[in-house]
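Analysis of the macromolecular model
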Amino acid sequence: MNHYAITMPQLSDTMTEGVVVTWEKQAGDRVERGDIVATVETDKAIMDVEVFKAGYLAGPLAEVGATVAVGAALGYITDTAGDVAIAAGEVVEEQAQTEMIPHHAGTPIVMPQLSDTMTEGVVVTWEKQPGDVIKRGDIVATVETDKAIMDVEVFQEGFLSGPIADVGSVVEVGHPMGFIVDDASKANDTGVTISADHKVKDTHKVAPPSADKPAHLPIPKTAPAQVAATGAMPPVPRPQGRQASPYARKVAGQLGVNLAGLAGSGPSGVIVSADVARARPSMAEVAHALPQVDVPGQGRAMTSMEKAVSHAMTASLTLPTFNVTVNIDTAKLTAAAKANKVSVTVAIAKACSVAMAKFPRMNWAYQPVDKLVERANHDFGVAVMSNDGGLVVPILHGIEKKPLQALQSDWTGLVERARVRKLAPAEYSNPTFTISNMGMLGVSHFTAIPTPGISAILAIAANGPQGTPFTITGDHRVLNGADVALYLATLKQTIEAPEGWIQGSGVGGQGTAAEAVAGATATISAPVSPIPEGNWDVQVVVIGGGPGGEDCARDLADHGVKVMMVNNEPFPGGECLWRGCIPSKAWRAAADVIRNRAHDAEMGVDGTDAPKLNWEQVEKHRRWVQTSRGEMALKADRGMKIDVREGYGEFVDAHTLKITPVEGEPYQVTFGAAVIATGAPAFVPPIPGARENLASGGVVTSDTIWNLAAPPKKLGIVGGGVIGVEMAQIFRDFGTEVLMLERHARILAEIEDEIGKTLIAALEKEITVVTGAAINEVSGKPGAMKLRYANKEGVESVFDCDIVLMATGKRPDTGKLNLDKVGVELDGAAIRVDARCQTSAPHIYAVGDVIGGYMLAHTAATQGRVAADNLLGHASEYDQDKDCGVTFSRPQAGFVGLSVAQAKAKGIDAVEAKMPMSIDAKAMITGETEGMIKLVADKASGRIVGVHYLADHTDTLIGTGVMMVAGEMTLTQVAKAIFPHPTQTELFGELARRLLNRLRRTAKK
Ligand SMILES: Cc1cc2nc3c(=O)[nH]c(=O)nc-3n(C[C@H](O)[C@H](O)[C@H](O)COP(=O)(O)OP(=O)(O)OC[C@H]3O[C@@H](n4cnc5c(N)ncnc54)[C@H](O)[C@@H]3O)c2cc1C
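Nothing here was measured: the structure is a model prediction, and the numbers come from that model.

Attention shifts here to the site of the ligand. Near the ligand lie 35 residues; those nearest to it are Asn568, Glu575, Lys585, Asp849 and Ala857. Here an oxygen atom of the ligand and a backbone polar atom of Cys576 are 3.2 Å apart. Taking Leu856, its main chain carries an N or O atom lying 3.2 Å from an oxygen atom of the ligand. Relative to its unbound accessible area of 1,000 Å², the ligand is 93% covered by the protein chains. By residue class, the composition of the shell around the ligand is 14 nonpolar, 16 polar and five charged.

Printed below as a string of structure tokens:
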């Protein structure tokens, strides 16, 4: 077992110590080379701590806020999974950062690996000379890779020192090109020869370089090629009775290499990544293994790019390919592109993506050995001629999600950089499909060669009498002829009828400016089932008058549709207004006033720390908000000509609803289409005594808690979800003693991991939480209830309390709707719908809590509007990836979009940055320093896909996150936005800039 110390780095000349600001990884987490594990505050700024050792983070970790001397341990990396802390006295072998670094020569500047295929690079220029002062972020050299010319940036202060690699010399990835020393006097007077296994072999004096010739760096001849382990393949298990480095296992997982029987060249025969690389021949080795023809002549050495293309093309010979061609009339697409002010290339890429939605296989890839990578992200490489005549293939990312205008803006920047071959690695690595358009060069027909990693490449030739030939060359291991033929037929339709997916395509010159704007969000084709024609009483009946039903009915009525809303309550608003969001937040508001007073004295205001609860007034205020809003809603609904009926609705047949009013006889209405928005009541599990005590009021749910004569003195809560936690803190602030029981190992399981854990830690300071609990019985009467439970060790206890709140979730109850009579199918208890909220009966839609998913008011309302949109004939979809929510705890938790884990599960290579509230000026002023904000972005495109909060005022701050995610904003846009000072919103700009810097740095590694 090996342990390595992560030491406080020296990040500036003057730095002697640093303060730990955050841990970006937790003890026990897997750590890869180049990962950022923590941030520290120095005398200059907050900086990331990167480690260059793979393993598992292990404690003891320096506490957040602790001051640690430069060189002292912040934490450890161990090579054993499951170790969260190393024991006192265990041997720490070396520093995690200094692996393979020859200290006495200074810190090496190594040839960065800038793409998956890059094994070496050519030094093009030195931007600094030995002896020059180097600052963090300085560009010291440029190198030519197989794809582009890139800057080499360094992140250490000091002086450039020899030996440095000559301009024009080829340096293998990971090998030093030069060094940085911390003292000008050390520059150039020592050097090292690096052996094939990257160890210091020889230390020798080198002459100071003459002005025109820098010291030469000896380059090893037989160093093994580096292998980049990318993607999400799990590492292969350790071979039996053998040792393999974690990195070797990861690479083996990537390449499908069996470690059994592999010779290990590491210490004591350990298998290292180079052994794995040798076991699977590289593209270069494949190329050289093929029969070579003797060509007379001298031959000059290929450039890096020429070599890479040659090797990739030879490796392509392993792909069994076939070609299929169709002729397509591109005139309408060209006109539509012009009307929308986008290039034809962008319009074709979007058309390829729209057609690919029906044939996702075109976007897959074969992965050795015997695997298929099923990708949903449309990241298309599009060939561009560079200024020096070569071909560069920049990638348009996220084509399936982005509107045309956004793609055009991405494309403009990409082309500029591609022309001068200044692309970042993420901009040319890992396309999922490739387009090559040689039509503009007058080529009448051609085929292109797909490279390993994609299964299809599209070759577009020049327009001819039959139209423009579109030829796809496909990898037969992934695609068959029919797949490609059907895809091309759909692509032909898509291109020849752009008005189906680019609104305001301007075909025939009729497009208006407004249409052009609409066209920017290239929508999908019209819905299959608008409202059926017929002699119905109403065109659409909406069942349920909560946020889902009401928003749907209003949108329909707004568009002149005859709509009836049937709700079995006197006023609209549903659970949200009468039993959920509104009353609970009215209580929370009173509780906030009490809680906030605790900070008054800190800020210099005395005498306000003993507030007294006036329960009667709290309830009066709450009821006033509810009834006012209920009356306002009913008035607005009627004013909009919605036919509002109070009564219970149930289906009689596909177009008939029976309504049973509270008073009077049941009656029937006929309808063309229906929307079910009946919500989901609180669910009480069959715990002995739980359901039985509902009637007495000794057990309450979120439906029945609203009639308390006074807050309970002691409250038992069963269930640690959002509703349970909100209630627990409200009553705690009202002075109640609270015990929370949760059957699972963690409460708040639905909240992002780190946010959830931090909130739990805050909560546990206020209330008692027992997880892994078995609730055995609930008994007694209101005011004298007994909650009998066993903890995870099986030890039984009884909690005496006034009432028990069952906060055990909500479950749709559709038993009485007669769904079987109309062909609406269920998925468990919820109604099954597609993204358009359409059920298995095409004329019936369902929205809100009754369809499961996020059970939130704004989700229901959004889905209501989606259903209305589809019924109105505008295609519309609910996108959960852009949804959001707030937990009204203290501090408040909130999410928008995806967490890193959720994004990764969707195939997005996501990264995150976080900032603790404790460093924010405004939060310090108001004493609201608990929590953090996190930004999650797609590494490739910089698009912000998630924002996560634990902070006071999350309910306001979340709006900024919603706009970023909904507007698909990029880190660059947020980094450049101007946020006012002093407000917590400044953190968004800070986070975006930090994440951008981080991505820039890791891209250079
Ligand atoms: C304590 C609590 C706090 C909450 N806090 C928040 C919050 O802060 N933020 C948030 O976004 N969400 C919150 N929610 C969730 C929110 O209340 C629901 O997600 C939302 O109300 C769901 O809307 P809906 O339209 O799907 O259903 P509902 O609001 O439940 O409305 C359904 C309506 O249909 C009626 N109905 C049912 N069956 C029939 C029938 N057969 N015929 C006629 N009418 C029928 C019901 O009586 C009801 O009026 C909270 C919930 C609770 C319990």
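One finds Phe433, Phe470, Tyr487 and Leu491 to be the most contacted residues of the largest nonpolar core, which totals 69 residues. The leading source of residues in this core is helix α6 (residues 344–356), at eight residues. Excluding residues within four positions of it along the chain, Tyr487 makes contact with Cys352, Ala355, Met356, Phe359, Met362, Phe433 and Ile472. Counting 34 residues, the second largest nonpolar core, distinct from the first, contains Trp587, Val738, Ile755 and Ile803.

Side chains bearing opposite charge may pair, as long as their charged atoms lie close to each other. For the structure shown, the criterion picks out 42 salt bridges. Residues Asp733 and Arg595 are paired through a salt bridge, measuring 2.9 Å at the closest nitrogen-oxygen approach. Taken together, the residues Asp733 in helix α14 (residues 722–733) and Arg595 in helix α12 (residues 581–596) connect sequence positions 138 residues apart. The residues Asp733 and Arg595 share a single accessibility class, namely buried. With a closest N to O distance of 2.8 Å, Asp849 and Lys810 form a salt bridge. A residue pair is termed long-range when its members are at least 10 positions apart, and Asp849 in the loop between β46 (844–846) and α16 (857–871) and Lys810 in the loop between β43 (803–806) and β44 (826–827) qualify at 39 residues. Each member of the pair Asp849 and Lys810 is classed as buried.

What follows deals with the side chain of Ser876. Residue position: Ser876 is located in the loop between α16 and β47 (884–887). Within polar-contact distance, the side chain of Ser876 engages the side chain of Asp869 at 3.4 Å. Sequence-distant contacts of Ser876, defined by excluding residues within four places in its chain, comprise Ala835, Arg836, Val866, Asp869 and Asn870.

Attention now goes to the pairing of strand β41 (residues 784–790). Pairing of strand β40 (residues 774–781) with β41, which is carried by seven bridges, proceeds in the antiparallel orientation. Paired with Gly780 across the strands is Met785, a residue of β41. Remark: two residues form the turn of the hairpin made by β40 and β41, two consecutive strands paired antiparallel; Gly783 in that turn has positive phi of roughly 95°. Bridge count between β41 and strand β42 (residues 796–801): six bridges; the pairing is antiparallel. Within β42, the residue paired with Lys786 across the bridge is Asp800. The hairpin turn running from β41 into β42, its antiparallel successor, is five residues long, and Gly794 in that turn takes a positive phi close to 90°.

Remark: α12 packs on helix α13 (residues 615–639), axes separated minimally by 9 Å, with the N-to-C direction vectors making an angle of 140°. With respect to α13, the axis of α12 lies oblique. Handedness of the α12/α13 crossing: right-handed. Contacts between α12 and α13 pair Ile582, Pro583, Ala586, Trp587 and Ala590 from the former with Trp615, Val618, Glu619, Arg622, Val625 and Gln626 from the latter. Residues belonging to the contact of α12 with α13 are distributed by class as follows: eight nonpolar, one polar and two charged.

What follows concerns the sheet that holds strand β17 (residues 176–181). Strands sit in the order β10-β17-β15-β12 across an open sheet of four strands; the sheet is antiparallel. Looking at strand neighbours, the two that pair on one side only are β10 (107–110) and β12 (133–134), the edges of this open sheet.

One pass over the structure, following the stated rule, counts 13 aromatic pairs. Consider the rings of Trp615 and Phe734, whose centres lie 5.8 Å apart with planes at 80°: the pair is edge-to-face. With Trp615 in helix α13 and Phe734 in the loop between α14 and β38 (737–741), the pair connects residues that are 119 residues apart, well separated along the chain. Across the pair, exposure class does not vary: Trp615 and Phe734 are buried alike. By way of ring pairs, the aromatic residues Trp587, Trp615, Trp706, Phe731 and Phe734 are connected into one cluster. Looking at Arg30, its charged tip hangs above the ring of Tyr56, at a distance of 5.0 Å from the centre. Seen from the ring of Phe683, Arg811 lies directly overhead, with NZ or CZ sitting 3.7 Å from the centre.

Here we have six strands laid out as an open sheet, ordered β20-β29-β28-β27-β23-β26, and mixed in their pairing. Because the sheet does not close on itself, it has two edges, and the strands there are β20 (321–328) and β26 (395–396). Running at roughly 150° to strand β23 (residues 380–382), α6 makes contact with β23, β26, β27 (433–437), β28 (456–460) and β29 (468–475) of the sheet. The sheet contacts of helix α8 (residues 481–496) involve β20, β27, β28 and β29, and relative to β20 the element is tilted by about 25°.

For the bond from Arg890 to Pro891, the omega torsion is -10°, close enough to zero to count as cis. By the secondary structure assignment, Pro891 is in the loop between β47 and β48 (892–897). Following His981, the chain continues into Pro982 via a peptide bond in cis, with omega recorded as -10°. Mapped onto the fold, Pro982 is located in the loop between α20 (971–976) and α21 (986–1004). Although it is not a glycine, His953 adopts a positive phi angle of roughly 70°. Mapping His953 onto the fold places it in the loop between β51 (944–951) and α19 (954–966). Although it is not a glycine, Glu968 adopts a positive phi angle of roughly 50°. For Glu968, the location among the structural elements is in the loop between α19 and α20.

The next subject is α8. Residues spaced three or four apart along an α-helix point in a common direction, a consequence of the helix completing one turn every 3.6 residues. In this model α8 runs 22 Å from its N-terminal to its C-terminal C-alpha over 16 residues, within 8% of the 22 Å that 1.5 Å per residue would give. Of all the positions in α8, only Asp483, Val484, Tyr487, Leu488, Thr490, Leu491, Thr494 and Ile495 are classed as buried. Along the axis of α8, the buried residues cluster in a sector spanning 165°; they form a single face. For α8, the exposed residues set more than 90 degrees away from the buried face come down to Leu486 and Gln493. Elements in contact with the buried residues of α8: β20, α5 (331–339), α6, β27, β28 and β29. Where α8 begins, the side chain of Asn480 points an oxygen toward the backbone nitrogen of Ala482, at a separation of 3.1 Å.

Bringing α6 into the picture now. Its 13 residues give α6 an end-to-end C-alpha distance of 18 Å, which sits within 8% of 18 Å, the value for a rise of 1.5 Å per residue. Of all 13 residues in α6, 10 are buried; the element is thus mostly enclosed. Within α6, the full set of buried residues consists of Val346, Ala347, Ile348, Ala349, Lys350, Ala351, Cys352, Ser353, Ala355 and Met356.

On the surface, Met385, Leu391, Met440 and Leu441 cluster together to form a nonpolar patch covering roughly 450 Å² of accessible area. For Met440, the position within the fold is in the loop between β27 and β28.

Basis of the calculations
- Residues numbered from 1 in each chain as written.
- Predicted model: local features only at pLDDT ≥ 70, side-chain atom pairs only at ≥ 80, totals over all residues.
- Heavy atoms only, no water.
- Near = heavy atom within 4 Å.
- Polar contact = N/O pair within 3.5 Å; in protein donor to acceptor, adjacent residues only side chain to side chain.
- Areas by Shrake-Rupley, 256 points an atom, 1.4 Å probe, with all protein chains shown as cover.
- Nonpolar A, V, L, I, M, F, W, Y, C, P; charged D, E, K, R; others polar.
- Core = buried A, V, L, I, M, F, W, Y, C linked by side-chain atoms within 4.5 Å.
- Buried < 20%, exposed > 50% of the residue type's maximum accessible area, 1.4 Å probe, protein only.
- Helix = DSSP H or I, 4+ residues; strand = E, 2+ residues; numbered from the N terminus.
- Contact = heavy atoms within 4.5 Å.
- Salt bridge = Lys/Arg side-chain N within 4 Å of Asp/Glu carboxyl O.
- Pairing = 2+ DSSP bridges.
- Axes fitted to C-alpha atoms, helices over the stretch in contact; angles between N-to-C directions.
- Parallel < 35°, antiparallel > 145°, perpendicular 65-115°, else oblique.
- Left-handed = near helix turned anticlockwise from the far one by under 90°.
- Phe/Tyr/Trp six-rings, centres within 6.5 Å; stacked < 30°, edge-to-face > 60°.
- Lys NZ or Arg CZ within 6 Å of the ring centre and 35° of its normal.
- Expected span 1.5 Å × (residues − 1).
- Arc of directions from axis to C-beta.
- Patch = residues over 30% accessible without salt bridge, like charges linked within 9 Å, V, L, I, M, F, W, Y side chains within 5 Å.

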